[in-house]
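As a plain string of letters, each chain reads:
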Amino acid sequence: MTSSPVVTPPLIYFDNNATCAVAPEVIEAMMPFFDKFYGNASSMHFFGGQVAKHIEHARAEVAALLNCAPEEIVFTSCGTESDNHAIRGAFEALPEKKHFITTKVEHPAVLSVGKYLTGKGYSVTQLPVDKQGNIDLHELKTAITPETGLVSIMFANNETGTLFPIEEIGAICREKGVLLHTDAVQAAGKIPLDMKKLPVDLLSISGHKLHAPKGIGVLYVRRGTRLHPFMIGGHQERSRRAGTENVPYIVGLGKACRLAINAMFEENNRVRTLRDKLEKGLMEKIPFSYLNGNPHWRIPNTTNIGFEFIEGEAILLHLSAAGIAASSGSACTSGSLEPSHVLMAMGVPFSYAHGSTRFSLSRFTTEAEVDYVLSVMPGIVDKLRDMSPFYTQEIRKQAKAFQH
Ligand code: PLP
């Protein structure tokens, strides 16, 4: 008999952009749909009909988060599926269009689809970003040609939190007559998203970034947008996405959206205050530390700081030993010793791109946790720098002067 591995939960969790805890209210809302209301929503009998009503209620809650019509919400299995569906589905529906525009700093869920399209003979433009991770809107304008079918630009970057000006990007796309998809996986639940105001045709959300479980996502499809289905089979989701609905997870996502609507303003102000305390404290205590990303225009829960002369992986291991979970970038690319593609695209110098660490907070983060990180992090950095051949006597002297 094999025994299950012992899993020790991290004491302090600062990796909420990778995934976050499912809210207790969400778990409670989901439970009856495993063993009580387990019917198939497509069944003709009352049992299925009852379940279908709960799916529609959850759809309305997601629509309320986005201020859109419930019919514009398609449930998927995750953010990656939503991104794939949006991009591949849009190009399949527009066979005459052969040009895709995105940015160099997208999540692999978008970048990989770009590579896939390149292999199929499409031309793909990856817009560069500046030092803070912003694109040049003029460059976007001039990149659009009559061949362009779709622009996909993320709402908020997962590594730095930098926000993209989606309203202005959408206005350019409208003017040029091309569709706009935005990956809002890191924005949903953290900042208001109003589809009545945003000129966006397709938008992706992932449940596990807003306190719903892993395994549920959403693709918003503006009414009238031509889009091929990604999953084909039954007629679920108005034939937009086949497959028996994942009812407990859909219900959980609906609840998570309701919680986000009710708490967004108050909670995000609290989270922003904690994030700012953490960031300011680290940068004041640790010499040769640099903020990555746009300091003003970003989601409230994320900070990404480069610590010069040391390796991000070593920082993470030492933090982990101190009971703190953080990240050196996207969880999907961790395990590689290459510096993050996002920081490289921003032109962050190699010397501190390597030592960059992302702290991402959530509504469950406390001030005591921030204080704990502030108390251990300077010691970790000092210890690692003492072992670094790049941390010379001369630099050490400058660091001492900084600390006094
Ligand atoms: N897009 C962004 C910006 C992300 O941060 C992530 C996950 O980290 C994804 C897409 C993929 O979402 P999922 O894990 O639900 O597939």
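In this text the structure is predicted, and so the values were computed from the model without any measurement.

A tally of helices and strands in the protein chain yields 13 helices and 12 strands. Its C-alpha atoms give the protein chain a radius of gyration of 22 Å, near enough to 22 Å, the size a compact globule of 404 residues would have. If one aligns the C-alpha atoms of the protein chain with their principal axes, the spans along those axes are about 75 × 55 × 45 Å. In the protein chain, buried positions account for 55% of the 404 residues. A separation of at least 24 residues holds for 74% of the contacts in the protein chain among residues at least 6 apart in sequence. Of the roughly 18,100 Å² that the protein chain leaves accessible, carbon and sulfur atoms contribute 58%.

It is worth spelling out the site of the ligand at this point. Near the ligand, the surroundings consist of 13 residues, among which Thr80, Asp183, Gln186, Ser206 and Lys209 are the closest. Within the side chain of Asp183, one N or O atom sits 2.6 Å away from a nitrogen atom of the ligand. Contact distances for the ligand include 2.5 Å between an oxygen atom and a side-chain N or O atom of Lys209. Notes on the ligand: free accessible area 390 Å², of which the protein chains cover 91%. It is helix α4 (residues 79–93) that provides the largest number of residues to the shell around the ligand, a total of three residues. Each residue belonging to the shell around the ligand can be placed in one class, and the counts come to three nonpolar, seven polar and three charged.

As a further point, take unusual backbone geometry. One non-glycine residue, Ser239, adopts positive backbone phi at about 65°. Note on placement: Ser239 falls in the loop between β8 (217–221) and α8 (247–285). Despite not being glycine, Phe288 shows a phi value in the positive range, around 55°. Take Phe288: its relative accessible area is 18%, and that puts it in the buried class.

A word on the environment of Gly306. Inspection of the secondary structure puts Gly306 in strand β10 (residues 302–307). Spatially, the C-alpha atom of Gly306 lies 24 Å from that of Val185, the residues being 121 residues apart in sequence. Sequence-distant contacts of Gly306, defined by excluding residues within four places in its chain, comprise Phe288, Ser289, Tyr290, Asn292, Tyr352, Gly355 and Ser356.

Sheet strands associate in pairs through backbone hydrogen bonding, adopting either a parallel or an antiparallel arrangement. The strand order β9-β10-β12 describes an open sheet built from three strands, whose pairing is antiparallel. The two strands at the open ends of the sheet, each matched to only one other strand, are β9 (289–291) and β12 (356–360). Sheet twist, expressed as the mean angle between neighbouring strand axes with direction ignored, is 25°. Note that β10 and β12 share five bridges and pair antiparallel. For Thr303, the partnering residue across the bridge sits in β12 and is Phe359. Helix-sheet contacts for α8 involve β9, β10 and β12, and the interaxial angle to β10 is about 10°.

What follows deals with the domain arrangement of the protein chain. Domain annotation of the protein chain identifies domain 1 (24–260) and domain 2 (264–403). Taking only C-alpha atoms into account, the centre of domain 1 sits 30 Å from that of domain 2. Facing 33 residues of domain 1, the contacting portion of domain 2 comprises 27 residues. Summing both sides of the interface, domain 1 and domain 2 together bury roughly 2,500 Å²; the carbon and sulfur share of this comes to 59%. In this structure, the connection of domain 1 to domain 2 is made through zero salt bridges. When residues of the side of domain 1 that touches domain 2 are traced back to their parent elements, those giving at least two are α5 (108–119) and α8.

A few words now on α8. In a regular helix each residue adds 1.5 Å, so 39 residues correspond to 57 Å; α8 covers only 48 Å between its end C-alpha atoms and thus falls short of that length. The axis of α8 is deflected most strongly, by about 70°, at Met264.

All right, on to a nonpolar patch on the surface then. On the surface, a cluster of nonpolar side chains totalling about 290 Å² of accessible area is made up of Ile27, Met31 and Phe34. As for its placement among the helices and strands, Phe34 is situated in helix α2 (residues 32–35).

What follows covers the sheet that holds strand β3 (residues 99–103). Read from one edge to the other, the open sheet built from seven strands follows the order β2-β8-β7-β6-β5-β3-β4, with strand pairing classed as mixed. With one partner strand each, in any of the chains shown, β2 (73–76) and β4 (123–127) form the two edges of the open sheet. Strand-to-strand, the axes of this sheet are offset by a mean angle of 20°, without reference to chain direction. Of the pairings in the sheet, the one linking strand β7 (residues 202–206) to β8 comprises five bridges and is antiparallel in character. Along β8, the bridge assignment pairs Ile205 with Val218. Taken strand by strand, helix α3 (residues 46–66) contacts β2, β7 and β8, and its axis lies near 115° from that of β2. Contacts between helix α7 (residues 166–176) and the sheet are confined to β5 (148–152) and β6 (179–183), with β6 contributing the most and set at about 160° to the helix.

About the cut-offs
- Residues numbered from 1 in each chain as written.
- Predicted model: local features only at pLDDT ≥ 70, side-chain atom pairs only at ≥ 80, totals over all residues.
- Heavy atoms only, no water.
- Helix = DSSP H or I, 4+ residues; strand = E, 2+ residues; numbered from the N terminus.
- Rg over C-alpha atoms; globule rule 2.2 N^0.38 Å.
- Buried < 20%, exposed > 50% of the residue type's maximum accessible area, 1.4 Å probe, protein only.
- Contact = heavy atoms within 4.5 Å.
- Areas by Shrake-Rupley, 256 points an atom, 1.4 Å probe, with all protein chains shown as cover.
- Near = heavy atom within 4 Å.
- Polar contact = N/O pair within 3.5 Å; in protein donor to acceptor, adjacent residues only side chain to side chain.
- Nonpolar A, V, L, I, M, F, W, Y, C, P; charged D, E, K, R; others polar.
- Pairing = 2+ DSSP bridges.
- Axes fitted to C-alpha atoms, helices over the stretch in contact; angles between N-to-C directions.
- Domains from an automatic or database assignment.
- Buried area = accessible area lost by both parts, 1.4 Å probe.
- Salt bridge = Lys/Arg side-chain N within 4 Å of Asp/Glu carboxyl O.
- Expected span 1.5 Å × (residues − 1).
- Bend = angle between axes of the 7 residues up to and from the residue.
- Patch = residues over 30% accessible without salt bridge, like charges linked within 9 Å, V, L, I, M, F, W, Y side chains within 5 Å.

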